[in-house]
Amino acid sequence: MENEKIAVIIPCYNEAITIGKVVDDFKRELPNADIYVYDNNSSDDTAKIAKEHGAIVRTETRQGKGRVVRQMTRDITADYYVMVDGDDTYPAEAVHDLLAPLRENLADMTIGDRLSNGSYGDENDRAFHGLGNNLVRWLIKMIYKFDFNDVMTGYRAYNTVFAKALPILSPGFQIETELSIHAVDKSWRIVEVPIDYRDRPEGSESKLSTFGDGFKVLMMIMSLFKEYRPLMLFGIIALVCFALGLICGIPVIIEYAQTGLVARFPTAILALGFELFALLNLITGWILSSVVKGQRMQYEIEVNRIYDAYGKTK
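Residues numbered from 1 in each chain as written. Predicted model: local features only at pLDDT ≥ 70, side-chain atom pairs only at ≥ 80, totals over all residues. Heavy atoms only, no water.

*Asks:* What am I meant to see in helix H3 (residues 65-75) here?
*Replies:* Along an α-helix, a turn takes 3.6 residues, which lines up residues three or four apart on a common side. With 8 of its 11 residues buried, H3 lies for the most part within the structure. Where the residues of H3 are buried, they touch strand S1 (6-12), strand S2 (34-39), strand S4 (80-83), strand S6 (156-159), helix H7 (160-164) and helix H8 (175-185). (Buried < 20%, exposed > 50% of the residue type's maximum accessible area, 1.4 Å probe, protein only. Helix = DSSP H or I, 4+ residues; strand = E, 2+ residues; numbered from the N terminus. Contact = heavy atoms within 4.5 Å.)

*Asks:* Would you take a moment to explain the pattern of salt bridges for this structure?
*Replies:* Two side chains that carry opposite charge are able to pair once their charged atoms sit near each other. By the definition in use, this model includes 19 salt bridges. Between Glu4 and Arg103 there is a salt bridge, with the nearest N and O atoms lying 2.5 Å from each other. Of this pair, Glu4 sits in the segment before S1 while Arg103 sits in helix H4 (residues 95-103), and the two are 99 residues apart along the sequence. With relative accessibility at 26%, the residue Arg103 sits in the partly exposed group. Ionic pairing is found between Arg189 and Asp108, a salt bridge with its closest N-O pair at 3.0 Å. Taken together, the positions of Arg189 in the loop between H8 and strand S7 (190-194) and Asp108 in the loop between H4 and strand S5 (109-113) put the pair 81 residues apart, joining distant regions of the chain. Residue classification places Arg189 among the partly exposed positions, given a relative accessible area of 30%. (Salt bridge = Lys/Arg side-chain N within 4 Å of Asp/Glu carboxyl O.)

*Asks:* Help me out: how do you make sense of unusual backbone geometry in this one?
*Replies:* Of all residues except glycine, most have a negative phi; of all peptide bonds, most are trans. With phi around 60 degrees, Asp88 is a residue other than glycine that occupies positive phi space. Accessibility expressed as a relative area gives 11% for Asp88, which makes it buried. In this structure, Lys145 takes a positive phi of about 60 degrees despite not being glycine. Position of Lys145 among the secondary structure elements: in the loop between helix H6 (129-144) and S6.

*Asks:* Mind showing me how you'd approach the pairing of S4 here?
*Replies:* Side chains on a regular strand alternate between the two faces of the sheet. Where burial is concerned, the two faces of S4 agree: the one with Tyr80 and Val82 and the one with Tyr81 and Met83 are both buried. Bridge count between S1 and S4: 4 bridges; the pairing is parallel. Bridge assignment links Val8 to a residue of S4, and that residue is Val82. As defined by bridge partners, S4 adjoins S6 across 4 bridges and the pair is classed as antiparallel. The partner of Tyr80 across the bridge, within S6, is Asn159. (Pairing = 2+ DSSP bridges.)

*Asks:* Please explain the pairing of S6 as it appears in this structure.
*Replies:* The alternating pattern of S6 places Arg156 and Tyr158 and Ala157 and Asn159 on opposite faces, both of which are buried. Alignment of S5 against S6, held across 3 bridges, turns out to be antiparallel. Following the sheet pairing, Ile111 is matched in S6 by Arg156.

*Asks:* Got a minute to help me understand the packing of helix H10 (residues 230-259) against helix H11 (residues 265-309) in this structure?
*Replies:* Running from N to C, H10 and H11 point in directions that differ by 165 degrees, and their axes come no closer than 8 Å. Compared by their axis directions, H10 and H11 come out roughly antiparallel. Between H10 and H11 lies a crossing of left-handed hand. Grouping the constituent residues of the contact of H10 with H11 by class yields 21 nonpolar, 7 polar and 1 charged. (Axes fitted to C-alpha atoms, helices over the stretch in contact; angles between N-to-C directions. Parallel < 35°, antiparallel > 145°, perpendicular 65-115°, else oblique. Left-handed = near helix turned anticlockwise from the far one by under 90°. Nonpolar A, V, L, I, M, F, W, Y, C, P; charged D, E, K, R; others polar.)

*Asks:* I keep staring at the layout of surface pockets and nothing clicks. Help me out?
*Replies:* The rolling of a water-molecule-sized probe over the atoms marks out the regions of remaining empty space. In this structure, the second largest pocket occupies an estimated 230 Å³ of space. If you go around the second largest pocket, the residues you meet are Pro167, Leu169, Glu178, His182, Lys186, Leu224, Glu227, Tyr228, Val292, Gln295, Arg296 and Tyr299. Elements represented by at least two residues in the lining of the second largest pocket include exactly H8, helix H9 (210-228) and H11. Broken down by element, the lining of the second largest pocket gets its largest block of residues, 4 residues, from H11. (1 Å grid on protein atoms, 1.4 Å probe; cavity = no way out; pocket = protein on both sides within 12 Å on 5 of 7 lines; lining within 4 Å. Points joined across faces, edges and corners; volume = space filled by probe spheres on them.)

*Asks:* Looking at this structure, I do not really get a nonpolar patch on the surface. What am I missing?
*Replies:* Residues Met232, Ile236, Val240, Leu244 and Ile247 make up a contiguous nonpolar surface patch of roughly 420 Å² in combined accessible area. By the element assignment, Ile247 lies in helix H10. (Patch = residues over 30% accessible without salt bridge, like charges linked within 9 Å, V, L, I, M, F, W, Y side chains within 5 Å. Areas by Shrake-Rupley, 256 points an atom, 1.4 Å probe, with all protein chains shown as cover.)

*Asks:* How do you make sense of the environment of Gly273 when you look at a structure like this?
*Replies:* Residue position: Gly273 is located in helix H11. C-alpha of Gly273 to C-alpha of Cys241: the two residues are 32 residues apart in sequence and 9.0 Å apart in space.

Written out as structure tokens, the structure is:
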């Protein structure tokens, strides 16, 4: 443990009220770790205060948390990464529980679970945040068959191989959900660690838009659904179109069987259109599924290369 390199990465935008305490808390818990604060165009003294408290301060001018985390991953190489928000809502003392499964080689990513012990519901007074988290959890469970306790937490830790094999596409607050879905889809080992959550101190304001960013998260889930599970997505669309085609077409078929005539040509054409569209979606799903399988094979080869580069075995 004395020789391991830990990087605490803190994306920040206007967190002058809390960033000093966050840096101090993590320096206390991890005295040998490097504390990185990436300032994302703050209009207050976030960068100045972080530097005064001993953090390594860098600037990311492209706005958005996802873009900040992407650049952090490119810039920093460490044995373990601890990603945390700069708003002082996550306890620094829980970092040891997050790192333990990584050190014991039981996990590739650990997640600070705010929901299991009820602390998030007790502390967070922003309407619909809990509902949104539950909706995202349900969607991921339905699509990816993995039951997260907390998908959107900003407190995580992961090893260097997971970090260097991570394709970050999200520009903003969708990054937490993308990390979770990526880990599930690529069969990385995940361990959730219950933590105590505390609400922001007075004067500190959340940058998260409940409805705006929530909609972006849902759209990102559907986009990753298309990218990671195309056969399932297009198969569902094909099934719906097939059912609609039957609903429209069965009366026409019955009428033809009874009279030998097709009196409702528009309905018959609509039914045929639904069935053709169903077949088209099914074929599309099969083709894209083959493409995704090829990409997965290439990804596994790349992961093996990264493991070899960092001297670890998957």
